[in-house]
Amino acid sequence: MKKLLALLLSLCLVAALCAGCGSTPTPADDDSTTTTPEEPVTVRLGGLKGPTSMGMVKLLSDNDAGKTTNHYEFSMAGSADELTPKMLQGELDILAVPVNLGSVLYNNSDGAVQLLAVNTLGVIYLVEKGGQTVTDWNSLKGQTIYATGKGSTPEYALNYLLEENGLDPAADVTIEWKSEPSEIVAQMAAEDHVIAMLPQPFVTVAQSKFDDLTIRLDLTKEWDALDNGSQLNTAGLVVRIEFAKEHPEAVAAFLKEYAASTQYVNENVSEAAQLVAQYDIVEAAVAEKAIPYCNIVCITGEEMKSSVQGYFQVLFDQNPQSVGGALPGDDFYYLGQ
């Protein structure tokens, strides 16, 4: 009998131990390991007039209507020089700028910024007024090309594409550099036949003035045709790394809302054009015609990294200072937290 009681007590003890193991709280049940969702924060957002900011107009509209996860304070300028100091001084959190400028900021700030996304692919086109001589790259041989952007990415992109298509930029073509697109438009008014390299939305503006102005070569498509693993990138979104670390949920929410905004802009061009005008980026009539040619995107993660690294290599090979003197490290690319 005593043995039986001892056996029953032993079994009860084992059962109690097992029950205790089964009731041990899991990490999800343990209050000490749960994280409280981040409260909405104010994100100070900056952009430039033109395609760089067109993709965010639906986000801005939703923000004004109180429909966004976080609150956005938007600053816009005509030149990146007006906004980049604010970024480095901590007065802006996320900024849309030429993608190579993001690398310059990274190199000049000991890695204080990261690239969140590519938001605009190539917006540069070769156009022809008063003729039909340009059919491919080889047809440019012996021609004069009026262009803007000397010493910056438009020049490097044009030189690269000329070279990749068997032309010497210094010998096979004459490139007449102008300080701004309006000078090229004036040249078109003065001459019967002009070949020019222009960005959007200035292509659309020029087409409104000259009925015989046509797009001959889309530099984005021509770059893609090289099939070299990179893309022609115009602009991207950079974030202060300090802000990204402090507010990962806010950054994730922004990227989600920004992606939805770019989709809206591309799928609802007429309505988006009205928003573009509302936020004083460009006139609605110009925006409606230009948006389909502005290559507005939201490319993130590894796809962004692959696209931009190849593009930066092209720029670096032509002028290391175009990316800040060195190719940025892997920590430049925001791949999520």
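Residues numbered from 1 in each chain as written. Predicted model: local features only at pLDDT ≥ 70, side-chain atom pairs only at ≥ 80, totals over all residues. Heavy atoms only, no water.

Colleague: Would you mind going over the side chain of T153 with me for this structure?
Modeller: Tracing the backbone through its elements, the reader meets T153 in helix α6 (residues 153-164). If we ignore the near neighbours within four places in the chain, the residues touching T153 are N100, Y311 and L315. (Helix = DSSP H or I, 4+ residues; strand = E, 2+ residues; numbered from the N terminus. Contact = heavy atoms within 4.5 Å.)

Colleague: What should I look at first to understand the sheet that holds strand β4 (residues 113-121) in this one?
Modeller: Backbone-to-backbone hydrogen bonds join strands into a sheet, with any given pair of strands oriented parallel or antiparallel. Taken in spatial order, the six strands of this open sheet run β2-β1-β3-β10-β4-β11, and their pairing is mixed. Where the open sheet ends on each side, the last strands, each with one partner, are β2 (71-77) and β11 (296-299). Taken over all neighbouring pairs, the strand axes of this sheet differ in orientation by 25° on average, direction set aside. In the sheet, β4 pairs with strand β10 (residues 233-240) via seven bridges, with the strands oriented antiparallel. For T120, the partnering residue across the bridge sits in β10 and is A235. The strands touched by helix α3 (residues 57-64) within the sheet are β1 (42-48) and β2, with β2 carrying the most contacts at an inclination of about 130°. Against the sheet, helix α5 (residues 99-108) makes contact with β3 (94-98), β4 and β10, and its axis sits at roughly 115° relative to β3, the strand it touches most. (Pairing = 2+ DSSP bridges. Axes fitted to C-alpha atoms, helices over the stretch in contact; angles between N-to-C directions.)

Colleague: Is there a simple way to think about the packing of α3 against helix α11 (residues 248-267) in this case?
Modeller: Axis angle and axis distance: for two packed helices, these are the angle between their axes and the distance between the axes, and together they describe the pair. Put simply, α3 and α11 touch, their axes get as near as 7 Å, and they point 115° apart. Note on element contacts: α11 touches α3 through F254, E257, Y258, S261, Y264 and V265, opposite V57, K58 and L59. Along the lines of polarity and charge, the residues of the contact of α3 with α11 split into six nonpolar, one polar and two charged. (Nonpolar A, V, L, I, M, F, W, Y, C, P; charged D, E, K, R; others polar.)

Colleague: What am I meant to see in the pattern of salt bridges here?
Modeller: Note that side chains of opposite charge can pair when their charged atoms are close. Inspection of the entire model under this criterion finds eight salt bridges. The closest approach of N and O atoms between E242 and R240, which form a salt bridge, is 3.7 Å. Look at E242 and you get partly exposed, because its relative accessible area is 47%. A salt bridge links D330 to K305, with the nearest nitrogen and oxygen atoms 3.4 Å apart. With D330 in the segment after α14 (301-318) and K305 in helix α14, the pair connects residues that are 25 residues apart, well separated along the chain. In this structure, a network of salt bridges that share partners links the residues R44, D93, R240 and E242. (Salt bridge = Lys/Arg side-chain N within 4 Å of Asp/Glu carboxyl O. Buried < 20%, exposed > 50% of the residue type's maximum accessible area, 1.4 Å probe, protein only.)

Worth remembering: the numbers are spatial, not functional.
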